[in-house]
Amino acid sequence: MKRVFPVLGIFLLALGGRATAADLTVAVNSSSGKPVAFAVVTWAPAGGAIIPATEKNRAFVMAQKDIRFTPYVLAVPAGATVAFPNLDCVNHHVYSFSPVQPFQFPLYGKGKSHVMKFDHAGTVALGCNIHDSMSAYIRVVDTPYYATTGADGRVTLNVPEGAARLAVWQPTLDGPEHQSVKNITVGKIVAAQSFSIKV
């Protein structure tokens with residue numbers, strides 16, 4: 001069942017003495033005001049942004065543990081490699097039919113692992129051919145400015161000043177491609193903003 005997350009709170013915090021960057025805090029809440037976890041927030045500058053090699057080369061892991069994927073949502077930059085270790089005592093057959101990155105890892109047991117490189121931005125839905133209850137998502141982003149909300153529904157991104165596209169994606173968000181997008185400009189003046197997402 002889809003949930004509607006109509007409100008985002010945007011808070012521009014102190015610049016920390018730098019004239020070219022600002023801390024942007026995004027709060028993702030449900031229509032009842034409760035924080036929403038597993039929402040991927042991205043900031044894509046209008047002029048584009050290069051994803052550093054150090055970011056692409058970070059260790060990203062989508063494990064199988066206790067007959068579930070962990071984490072439920074994993075955000076990675078385009079060009080990153082994700083490891084899929086099996087930490088369970090049973091075999092798993094991990095797959096995705098998502099157009100962004102279809103793949104299969106046939107049956108493999110405890111202590112075994114596979115890796116996959118994700119070059120294209122988009123959403124990769126995961127499943128297990130043996131355990132139908134297992135599901136998770138890898139959200140591949142095309143910007144170095146991204147984060148995933150925790151239980152408090154918040155993220156803070158250090159972003160460059162200027163015009164950008166702020167997007168919030170969550171697998172149960174009721175909107176086109178499960179995301180909501182807003183064009184925002186961060187300037188040198190510290191300000192506070194909030195806006196509603198039409199769904």
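Quantities reported herein were computed from a predicted structural model and do not represent experimental measurements.

K.L.:
Describe in detail the pairing of strand E15 (residues 154-160), supporting the description with residues and values.
P.N.:
Side chains of E15 alternate between two faces, with Val-155, Leu-157 and Val-159 buried and Arg-154, Thr-156, Asn-158 and Pro-160 left unburied. Bridge analysis of strand E2 (residues 21-29) against E15 gives 7 bridges, and the strand direction is antiparallel. For Leu-24, the partnering residue across the bridge sits in E15 and is Leu-157.

K.L.:
Could you give me a rundown of the sheet that holds strand E14 (residues 146-148), with the residues and numbers involved?
P.N.:
Read across the open sheet, the 4 strands follow the order E14-E3-E16-E17; overall the sheet is antiparallel. The strands lining the two open edges of the sheet, one partner per strand, are E14 and strand E17 (179-186). On average, adjacent strands in this sheet sit at an angle of 20° to one another, irrespective of strand direction. Pairing of strand E16 (residues 162-169) with E17, which is carried by 8 bridges, proceeds in the antiparallel orientation. In the strand pairing of E17, Trp-169 is matched with Gln-179.

K.L.:
With reference to specific residues and values, describe unusual backbone geometry.
P.N.:
For the bond running from Thr-70 to Pro-71, omega is 5°, close enough to zero to count as cis. Relative to the assigned elements, Pro-71 resides in the loop between strand E6 (69-70) and strand E7 (73-77). At Ile-67, a position not held by glycine, the phi torsion is positive, near 55°. Its location among the elements puts Ile-67 in the loop between strand E5 (63-64) and E6. A positive phi angle, close to 60°, is found at His-178, a residue other than glycine. Mapped onto the secondary structure, His-178 falls in the loop between E16 and E17. Relative accessible area serves as the criterion here: at 26%, His-178 is assigned to the partly exposed category.

K.L.:
Kindly report on the layout of surface pockets, identifying the contributing residues and their values.
P.N.:
Counted as a void, the largest pocket has a volume near 280 Å³. In this structure, the largest pocket is lined by 19 residues; those nearest its centre are Gly-122, Thr-123, Arg-139, Val-140 and Gln-179. At the level of secondary structure, the elements contributing two or more residues to the lining of the largest pocket comprise strand E3 (40-45), strand E12 (122-128), strand E13 (135-141) and E16. Looking at the lining of the largest pocket, the element that brings in the most residues is E13, giving 4 residues. Here the residues of the lining of the largest pocket are counted per class, giving 9 nonpolar, 6 polar and 4 charged.

K.L.:
Pulling in residues and values, what's your account of the sheet that holds strand E11 (residues 113-118)?
P.N.:
If you walk across this open sheet you meet the 3 strands as E4-E8-E11, and the pairing is mixed. Each edge of the open sheet carries a strand with a single partner, namely strand E4 (60-61) and E11. Sheet topology places E4 next to strand E8 (residues 80-85); 2 bridges connect them, and they run parallel. Within E8, the position partnered with Val-61 by the bridge is Ala-83.

Procedures and definitions
Residues numbered from 1 in each chain as written. Predicted model: local features only at pLDDT ≥ 70, side-chain atom pairs only at ≥ 80, totals over all residues. Heavy atoms only, no water. Buried < 20%, exposed > 50% of the residue type's maximum accessible area, 1.4 Å probe, protein only. Helix = DSSP H or I, 4+ residues; strand = E, 2+ residues; numbered from the N terminus. Pairing = 2+ DSSP bridges. Axes fitted to C-alpha atoms, helices over the stretch in contact; angles between N-to-C directions. 1 Å grid on protein atoms, 1.4 Å probe; cavity = no way out; pocket = protein on both sides within 12 Å on 5 of 7 lines; lining within 4 Å. Points joined across faces, edges and corners; volume = space filled by probe spheres on them. Nonpolar A, V, L, I, M, F, W, Y, C, P; charged D, E, K, R; others polar.

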